[in-house]
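This is what each chain is made of:
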Amino acid sequence: MRNLHLKTLKMRDICSLPERKTLQVITMGCSKNIVDTEHLLAQVDGSFDIVPDGEDCRVDFLLINTCGFIGDAKEESIQTILEAVERKKKGDVGKILVFGCLSQRYMTEMPELIPEVDGWFGARDLIPVIKALGCREKPGKRSSRCRRDSHLPYAFLKISEGCDRRCSYCAIPFIRGPHRSVPIEELVKEAGELAAAGVKELVLIAQDTTYYGLDLYKRRALAELLERLSAIEAIRRIRIHYSYPADFPEDVLDQMADNPKVCRYMDIPLQHVADEVLSKMHRNVDGTWTRALIRKMRERVPGIVLRTTMIVGHPGEGEKEFEELLDFVREARFERLGAFTYSEEEGTYGAEHFDDSVPEEEKAARLSRLMEVQKEISYAFNESRIGTEIAVLVDTFNDGILVCRSEFESPDVDGEILVKYQPGIMKLPADEMVGKFIRVKVISADEYDLVADFIEIEQ
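Residues numbered from 1 in each chain as written. Predicted model: local features only at pLDDT ≥ 70, side-chain atom pairs only at ≥ 80, totals over all residues. Heavy atoms only, no water.

Student: When you look at the packing of aromatic side chains in this model, what are you seeing that I'm missing?
Tutor: Within a pair of aromatic rings, the relevant descriptors are the distance that separates the centres and the angle that separates the planes. For the structure shown, the criterion picks out 5 aromatic pairs. With centroids separated by 5.5 Å and ring planes inclined at 75°, the aromatic side chains of Phe397 and Tyr421 adopt a geometry described as edge-to-face. Of this pair, Phe397 sits in strand β15 (residues 389-398) while Tyr421 sits in the loop between β17 (417-420) and α16 (423-426), placing them 24 residues apart in sequence. Take Phe397: its relative accessible area is 35%, and that puts it in the partly exposed class. Sitting above the plane of the Tyr244 ring, Arg165 keeps its charged end 3.8 Å from the centroid. Taking NZ or CZ as reference, Arg239 lies 4.7 Å from the ring centre of Tyr265, over its face. (Phe/Tyr/Trp six-rings, centres within 6.5 Å; stacked < 30°, edge-to-face > 60°. Helix = DSSP H or I, 4+ residues; strand = E, 2+ residues; numbered from the N terminus. Buried < 20%, exposed > 50% of the residue type's maximum accessible area, 1.4 Å probe, protein only. Lys NZ or Arg CZ within 6 Å of the ring centre and 35° of its normal.)

Student: How should I be thinking about helix α12 (residues 287-300) in this particular structure?
Tutor: Helical geometry note: an α-helix holds 3.6 residues per turn, so side chains three or four residues apart project in the same direction. When the terminal C-alpha atoms of α12 are compared, their 20 Å separation across 14 residues agrees well with the 20 Å that a helix rising 1.5 Å per residue should span. Turning to α12, its buried residues are Gly287, Thr290, Leu293, Ile294 and Met297. The arc that holds the buried residues of α12, viewed along the axis, is 125°, so those residues lie on one side. Opposite the packed face of α12, turned more than 90 degrees from it, sit the exposed residues Thr288 and Glu299. Residues of α12 that are buried in the fold lie against α10 (251-258), β12 (262-267), α11 (275-281), β13 (305-312) and α13 (319-332). Taking the backbone nitrogen of Thr288 as reference, a side-chain oxygen 3.2 Å away marks Asp286 as the first, capping residue of α12. (Expected span 1.5 Å × (residues − 1). Arc of directions from axis to C-beta. Contact = heavy atoms within 4.5 Å. Polar contact = N/O pair within 3.5 Å; in protein donor to acceptor, adjacent residues only side chain to side chain.)

Student: Would you explain the pairing of strand β7 (residues 154-158) in this entry?
Tutor: Looking along a regular strand, one sees side chains alternate from face to face of the sheet. Most of β7 is tucked away: 5 of the 5 residues are buried. The alternating pattern of β7 places Tyr154, Phe156 and Lys158 and Ala155 and Leu157 on opposite faces, both of which are buried. Alignment of β7 against strand β10 (residues 201-205), held across 5 bridges, turns out to be parallel. Bridged to Phe156 within β10 is Val203. (Pairing = 2+ DSSP bridges.)

Student: It is not clear to me how the sheet that holds β13 should be interpreted in this structure. Could you clarify?
Tutor: Adjacent strands of a sheet pair through backbone hydrogen bonds, lying either parallel or antiparallel. Spatial strand order, β7-β10-β11-β12-β13-β14: 6 strands in an open sheet with parallel pairing. Single-partner strands in this sheet number two, and they are β7 and β14 (336-341). Neighbouring strand axes in the sheet, compared pairwise and without regard to direction, differ in orientation by 20° on average. Looking at chain direction, β13 and β14 are connected through 6 bridges and run parallel. For Thr309, the partnering residue across the bridge sits in β14 and is Gly338. α13 contacts β13 and β14 of the sheet and is inclined by roughly 170° relative to β13. Across the sheet, helix α15 (residues 360-384) lies against β13 and β14, angled at about 175° from β14, the strand it touches most. (Axes fitted to C-alpha atoms, helices over the stretch in contact; angles between N-to-C directions.)

So, in structure tokens, the structure goes:
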């Protein structure tokens, strides 16, 4: 999916100033790429007029932040580059600069395949990209961001880069490099700037959030970071994504149980539960450990909502192992679960050492069976919430509906809570409701979304 960076082009007195060049940015892939783009744009802010992605006009520079994680993402990134080349041939683009995961992964091959691109840069080459745009790095603005969706009351905060894990199916370590934590002081500064811009909720992201701090402080420091971020008064919610199960830092559970700003929500991609599959995945845990961890989370943090992802069709997964996975999902009853089929990625340990022996048709069938099980679990969880009163954050307003989330829904990946806008009762214009915390009562549910009635605006 293409992500859109919007910066309003305002009328200003430019009669005595040279005309500024134009820059258009296309960001592919995940929220971590969005943050990279926003940091880069903060460095060049003031040097360009930013043209929204999708706007059909001539631009001096077209910058593409690519994704290269799995096959579909790579194909979409390549197609986007080829479309940019066609625009350049028509005279609609001056120079094309490409960076991110795809170019990092195929730095040798891509310039030969698409020579029309004016510059190729890796995923860790933000400073060289800034220089290629004719700008100088602004060290004082390293924590600043030009936000893509500045109207939204939540923002992603990337707390580290790279990964020291060596999961056999994953290409991230040799794309993004080793784990590197962002110092706590820099993250607090960045979060403070986001809060000053109206952000109420932070979503902590990384390749592995629970590894945070080991490189800088020689200890896992995620709980300490949560405490420091919670001290920012305007930040009302903090949630954690991309947690790794092995050596999980239990003091994070204490923060979740005792700190009202930390959402009782954990995104922890488990990928599987069968020992044979986990061993071939190089996940450093077994099924017994995994089951015990889930029990511990539910015991230590009453009411916690767990999100996970699973891979079906991985080498080593026969029907026995898949049935064990289904039984585990029924037993653990994850409130949120996503899944995908195994995709052999060149350069990974799995691609070099294992046969991708499960037919694609069987992978698709297993995925369907798993998601049917999860659909029932998700619906039962949502149905259990009917009649409850909850606090929600209003993200957007659309067609008479306030689109909201509680602490149990994460943006982009989970369902939403829909509340009818009632100006006579709410006593605020619809656009002023965005960013407010309101109390609602859930009145209906389906597998993904809830519908609720407004009660009051929370202070």
